[in-house]
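Breakdown of the fold
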Amino acid sequence: MGISQEIELERAPASLERRWAWVERICVLLMLMLLILAVLTVLGRGPLATASIRQPASGVEVSYERVARLRSPQVLELKLGEGALPDGAARSVRLSRQFLEYFSIEHVTPMPVSERALANGGVEFGFDADDGTRRLDSIRIALTADKVGPMKGRITVGPHKRVKLRQFVLP
């Protein structure tokens, strides 16, 4: 003597099922890409995590991490080849305002003889003039990331040798 009730379930429209299948595929692809990047150590401290920008005509090469982490130390290295600082040129390195918005400078090696703030918000480091006894062939700048997101900055060596670099800072 029970009352039998039938419940009718409607099927979702085929278009909704197709859209949901696409969402699932995209999510699976994104997860696979993150897994592959992690395995290749792009998100870690492996060989693919670093990048170098080489400008043979200017004699400047910049090595840095592609992906930085918030509050984590890193080193930016400038290698100065022939022609990077010609005779009589100012022996200086300038970091743009955009660069300094994302990073704090902890230490510069070799020790600069001068440091000055620029009108555009950047900073300039001056180094000893080449007296023939030693050559300035590399500069290492120890940095700490202070802001999350994509950074587009510029480094200028001497009077006109500009290098643009891009980096992403993760939380």
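This text follows the structure it describes.
Comments concerning the overall build of the chain
Looking only at helices and strands, one finds 2 helices and 11 strands in the chain. In the chain, the succession of helices and strands from N to C terminus is α-β-β-β-β-β-α-β-β-β-β-β-β. Looking at the chain residue by residue over its 171 residues, the buried ones come to 35%. Within the chain, contacts between residues at least 6 apart in sequence are counted, and of these 63% link residues at least 24 apart.

Quick notes on the pattern of salt bridges
Inspection of every chain in the model, using the stated rule, returns 5 salt bridges. The shortest N-O distance in the salt bridge between Glu101 and Arg97 comes to 2.5 Å. Here the residue Glu101 and the residue Arg97 both occupy positions in helix H2 (residues 97-102), the gap between them amounting to 4 residues, near one helical turn. With relative accessibility at 36%, the residue Glu101 sits in the partly exposed group. Three or more residues joined by partner-sharing salt bridges are found here, namely Arg94, Arg116 and Glu124.

Section: the nonpolar core
Counting residues in each nonpolar core, the largest one holds 30 residues, and the members touching the most others are Val62, Leu76, Leu78, Leu80, Phe103, Ile139 and Ile155. Of the residues forming this core, the biggest block, 4 residues, is contributed by strand E9 (residues 138-145). Setting aside its immediate chain neighbours within four residues, Ile139 contacts Leu76, Glu77, Leu78, Leu80, Val93, Val108, Thr109, Pro110 and Phe127.

Things to note about the side chain of Gln74
By the element assignment, Gln74 lies in strand E4 (residues 73-80). Side chain to side chain, Gln74 and Gln167 meet in a polar contact 3.0 Å long. If we ignore the near neighbours within four places in the chain, the residues touching Gln74 are Glu65, Ala68, Phe103, Ile141, Ala142, Leu143 and Gln167.

As for the packing of aromatic side chains
Describing an aromatic ring pair means giving the distance of the ring centres and the angle of the ring planes. The final tally for this structure, using the stated rule, is 1 aromatic pair. Lying across the ring of Trp22, Arg25 places its NZ or CZ 5.3 Å from the centre. One residue, Lys147, lies across the ring of Tyr102, its end atom 4.8 Å from the ring centre.

What to know about unusual backbone geometry
A cis amide bond links Thr109 with the next residue in sequence, Pro110, at an omega value of 0°. Its location among the elements puts Pro110 in the loop between strand E6 (103-109) and strand E7 (114-117).

Overview of the pairing of strand E8 (residues 123-126)
Burial of E8 is two-sided: the residues Val123 and Phe125 facing one way and the residues Glu124 and Gly126 facing the other way are all buried. The pairing of strand E5 (residues 92-95) with E8 spans 4 bridges and is classified as antiparallel. The residue of E8 that forms the bridge with Leu95 is Val123. Here E7 runs beside E8; their pairing, made up of 4 bridges, is antiparallel. Across the sheet, residue Arg116 finds its bridge partner in E8, namely Glu124. Hairpin connection of E7 to E8: 5 residues between the antiparallel strands, including Gly121 at a positive phi of 100°.

Some thoughts on a positive patch on the surface
Together, Lys152, Arg154, Arg162, Lys164 and Arg166 line one region of the surface with positive charge. Within the residue set of the positive patch, elements represented by two or more residues are strand E10 (149-157) and strand E11 (161-170). For the positive patch, the leading source of residues is E11, giving 3 residues. Mapped onto the fold, Lys152 is located in strand E10. The exposure class assigned to Lys152 is exposed, which follows from its relative accessible area of 54%.

Calculation notes
- Residues numbered from 1 in each chain as written.
- Predicted model: local features only at pLDDT ≥ 70, side-chain atom pairs only at ≥ 80, totals over all residues.
- Heavy atoms only, no water.
- Helix = DSSP H or I, 4+ residues; strand = E, 2+ residues; numbered from the N terminus.
- Buried < 20%, exposed > 50% of the residue type's maximum accessible area, 1.4 Å probe, protein only.
- Contact = heavy atoms within 4.5 Å.
- Salt bridge = Lys/Arg side-chain N within 4 Å of Asp/Glu carboxyl O.
- Core = buried A, V, L, I, M, F, W, Y, C linked by side-chain atoms within 4.5 Å.
- Polar contact = N/O pair within 3.5 Å; in protein donor to acceptor, adjacent residues only side chain to side chain.
- Phe/Tyr/Trp six-rings, centres within 6.5 Å; stacked < 30°, edge-to-face > 60°.
- Lys NZ or Arg CZ within 6 Å of the ring centre and 35° of its normal.
- Pairing = 2+ DSSP bridges.
- Patch = residues over 30% accessible without salt bridge, like charges linked within 9 Å, V, L, I, M, F, W, Y side chains within 5 Å.
- Areas by Shrake-Rupley, 256 points an atom, 1.4 Å probe, with all protein chains shown as cover.
- Lys, Arg positive; Asp, Glu negative; His and termini not counted.
- Charge placed at Lys NZ, Arg CZ, Asp CG, Glu CD.

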